[in-house]
Amino acid sequence: MLTRRMGLQTVGLMRILSIAYGQFPQVFKLYSRFQPGIGHLKVILEITPAGGFERARFLTVFRQLAEFFPTISQHSCCEEWETAPLYLEKEDGVSIKRVGEAADVAHLIEHVIVDMQVGLGGLHRCSGLTCGWKDPDNRFDLFVECANARVGLFASQFAVYLVSRILTKRKLSARNRFVLTLAAYMQANPSVNIDVPGLARALGWKKRDTEMALSRLREFGFFENGKDDEVREEEDV
Ligand SMILES: [Zn+2]
């Protein structure tokens, strides 16, 4: 099995230890909703500080994310785990269940990545899974179905960035919408020239906002071309 290791980055409070894209046959044993033939992103993430956050904070983070990604409110979550003794809490109007530990942060990030695989990555439906390590207990493997490795690389880093921003700043800047909108525009218009004045004109934006959005897309790997000489291929990450 070949996987591609695509990036290593610290984003705010979180540390992305690796992002790989490939086939991970073992995940089909863990979750029956994964669709055969679709590759997975595997994101290894460390959440700092370890430990969960209380209900009010979880709801704040969820609601801010739902403003940016409205379809997140319609996700189904942990349906196969209803009978497992995980003490999952269901909240009214909140589609993502809470366990009260660092896993909640990783789990929210997973749902944001899932949402972008449908919104940007061309999947009609997408499933994800968050697996916690025993040691260290603030480390998580996220598996997310993904049809476009480049969008997956971007979505993983952008999701980590957004959640980290909410946790540190409490409020997401509305300017992040430019990043998401530009990503969608580039996906819909793959042959468009990547130049600030042209994009600003096409989108009716100020050059300053266009520049910011473009540099975020670059920073989070949206334009990574994925040539074999730029990624390392390896066995079983
Ligand atoms: Zn879930």
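This text goes with the structure placed above it.
These remarks concern the structure in this document. (Residues numbered from 1 in each chain as written. Predicted model: local features only at pLDDT ≥ 70, side-chain atom pairs only at ≥ 80, totals over all residues. Heavy atoms only, no water.)

1. Details of the coordination of the zinc ion
Move 1: Looking at the zinc ion, one finds its protein donor set to be Cys77 (SG), His107 (NE2) and His111 (NE2), positioned 2.1 to 2.3 Å from the metal centre.
Move 2: Looking at Cys77, the relative accessible area reads 6%, which means it is buried. (Donors = N, O, S within 2.8 Å, 3.2 Å for Na, K, Ca; no water. Buried < 20%, exposed > 50% of the residue type's maximum accessible area, 1.4 Å probe, protein only.)

2. With respect to helix α5 (residues 176-188)
What sets the pattern is the α-helix's 3.6 residues per turn: residues three or four places apart point alike.
Move 1: Here α5 is 13 residues long and its end C-alpha atoms lie 19 Å apart, about the 18 Å a rise of 1.5 Å per residue gives.
Move 2: Listed as buried for α5 are Asn176, Val179, Leu180, Leu182, Ala183 and Met186. End-on, the buried residues of α5 take up no more than an arc of 165 degrees, which puts them together on one face.
Move 3: Contacts from the buried residues of α5 go to α2 (55-68), α3 (103-119), α4 (149-169), α6 (196-203) and α7 (207-219). (Helix = DSSP H or I, 4+ residues; strand = E, 2+ residues; numbered from the N terminus. Expected span 1.5 Å × (residues − 1). Arc of directions from axis to C-beta. Contact = heavy atoms within 4.5 Å.)

3. Focus: α4
Move 1: Taking 1.5 Å of rise per residue, the 21 residues of α4 would be expected to cover 30 Å, and the 30 Å separating its terminal C-alpha atoms lies within 8% of that figure.
Move 2: The buried fraction of α4 is high, at 16 of 21 residues.
Move 3: One side-chain oxygen at the N-terminal end of α4 lies 3.1 Å from the backbone nitrogen of Arg150; it belongs to Asn148.
Move 4: Within two residues after α4, Arg170 carries a phi angle of roughly 75 degrees, on the positive side. (Polar contact = N/O pair within 3.5 Å; in protein donor to acceptor, adjacent residues only side chain to side chain.)

4. A few points about the side chain of His75
Move 1: Along the chain, His75 turns up in the loop between α2 and β4 (89-91).
Move 2: Its relative accessible area of 17% is what places His75 among the buried residues.
Move 3: A polar contact of 2.8 Å, which involves the side chain of His75, links it to the side chain of His111.
Move 4: Ignoring anything within four residues of it in the chain, the contact list for His75 reads Ser95, His111, Val114 and Asp115.

5. Things to note about the nonpolar core
Move 1: If you look at the biggest cluster of nonpolar residues, it comprises 65 residues, and the most contacted ones within it are Met14, Ile47, Ile109, Ile113, Met116, Phe154 and Phe158.
Move 2: The biggest single contributor to this core is α4, with 12 residues.
Move 3: Aside from chain neighbours lying at most four places away, what touches Met116 is Phe69, Gly121, Val151, Phe154, Ala155, Phe158, Ala159 and Leu180.
Move 4: Counting residues in each nonpolar core, the second largest holds seven residues, with Ala20, Tyr31, Leu129 and Phe143 among its members. (Core = buried A, V, L, I, M, F, W, Y, C linked by side-chain atoms within 4.5 Å.)

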